[in-house]
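One letter stands for each residue in the lines below.
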Amino acid sequence: MALAEDLIKLLLLVLPALAANGAPVVARRIYGRGTPLDMGRKWIDGRRVLGEGKTLEGFVAGVLTGLLVGIIEGVLFSDLYWFARAGLLAGIGAMIGDLIGSFIKRRLGMERGDPAPLLDQLDFYIGALVVLYIGGYRYNLVTAVVLAPLVVILHIMTNRLAYKASLKEVPH
Ligand code: CTP
Ligand code: MG
């Protein structure tokens, strides 16, 4: 069952990224509007570099959440260092991917919170996969592609839930 093994290994690697991606939406209940990472600055096209939705507090919340999930996995699977490091890298990668996604959205003239199908759901996933790879973590790329549609569906479902729970102003 090589496929099942590949899938479980990949899931363990990306679970911290999934949690990290959702963390800012919950954590902003504590930090409020936060400190925009672009410091309000504009790009040469006159639009914000990243926008009000990408804050330092959200970034830190995401990274710490990734690390926390990694630590939990590490305790469960008795390899604290390997999993904690993976969780940290997945969290960092997810948050960087999310920033790149917003940078692209702003360059396309989209306002904060405008829906960008696939980009909104996959930027963090791709970011996490890239940073994990750079960090030396190996996974089956075909499995990662196969998992992508599931990540999209999960993202859509959790965002709708967050909207219904009044954690988000928009359902995407
Ligand atoms: N958030 C944050 N800091 C981050 C990422 C997210 O504070 N680094 C918070 C913001 O309050 C943001 C919310 O989480 O509005 C939802 O995140 P996301 O959907 O990624 O941002 P959008 O508001 O949709 O902005 P964008 O159009 O740039 O994706
Ligand atoms: Mg959004």
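Procedures and definitions
- Residues numbered from 1 in each chain as written.
- Chains lettered and ligands numbered in written order.
- Predicted model: local features only at pLDDT ≥ 70, side-chain atom pairs only at ≥ 80, totals over all residues.
- Heavy atoms only, no water.
- Salt bridge = Lys/Arg side-chain N within 4 Å of Asp/Glu carboxyl O.
- Helix = DSSP H or I, 4+ residues; strand = E, 2+ residues; numbered from the N terminus.
- Buried < 20%, exposed > 50% of the residue type's maximum accessible area, 1.4 Å probe, protein only.
- Contact = heavy atoms within 4.5 Å.
- Near = heavy atom within 4 Å.
- Polar contact = N/O pair within 3.5 Å; in protein donor to acceptor, adjacent residues only side chain to side chain.
- Areas by Shrake-Rupley, 256 points an atom, 1.4 Å probe, with all protein chains shown as cover.
- 1 Å grid on protein atoms, 1.4 Å probe; cavity = no way out; pocket = protein on both sides within 12 Å on 5 of 7 lines; lining within 4 Å.
- Sits in = over half its atoms within 2 Å of the grid points.

K.L.:
Report on the pattern of salt bridges, specifying residues and quantitative values.
P.N.:
A side chain of one charge can pair with a side chain of the opposite charge if their charged atoms are brought near each other. Per the counting criterion, the structure on display carries eight salt bridges. Close ionic contact of Arg-33 with Glu-52 constitutes a salt bridge, the shortest N to O distance being 3.3 Å. Of this pair, Arg-33 sits in the loop between helix 1 (2-31) and helix 2 (56-76) while Glu-52 sits in the loop between helix 1 and helix 2, and the two are 19 residues apart along the sequence. Two residues, Arg-107 and Asp-45, come together in a salt bridge whose shortest N-O distance is 2.7 Å. In this pair, Arg-107 is assigned in helix 3 (residues 80-107) and Asp-45 in the loop between helix 1 and helix 2, connecting sequence segments 62 residues apart. According to the relative accessible area criterion, Asp-45 is partly exposed, its value standing at 37%. Look at the salt bridges and you will find they share partners, linking Arg-33, Asp-38, Arg-48 and Glu-52 into a network.

K.L.:
Just give me the short version of the environment of Leu-67, but keep the residues and values in it.
P.N.:
Considering the arrangement of structural elements, one finds Leu-67 in helix 2. Given a relative accessible area of 25%, Leu-67 falls into the partly exposed group. Spatially, the C-alpha atom of Leu-67 lies 7.9 Å from that of Leu-89, the residues being 22 residues apart in sequence. Excluding its chain neighbours within four sequence positions, the residues that come into contact with Leu-67 are Ala-84, Gly-87 and Leu-88.

K.L.:
Go over the site of ligand 1, please, and point to the residues and values.
P.N.:
Around ligand 1 sit 17 residues in total, of which Tyr-31, Lys-54, Thr-55, Ser-102 and Arg-106 are the nearest. Contact distances for ligand 1 include 2.7 Å between an oxygen atom and a side-chain N or O atom of Tyr-31. A distance of 3.4 Å is found between an oxygen atom of ligand 1 and a side-chain nitrogen or oxygen belonging to Lys-168. With the chains in place, 90% of the 570 Å² that ligand 1 exposes on its own is no longer accessible. Most atoms of ligand 1, that is more than half of them, are within 2 Å of grid points of the largest pocket.

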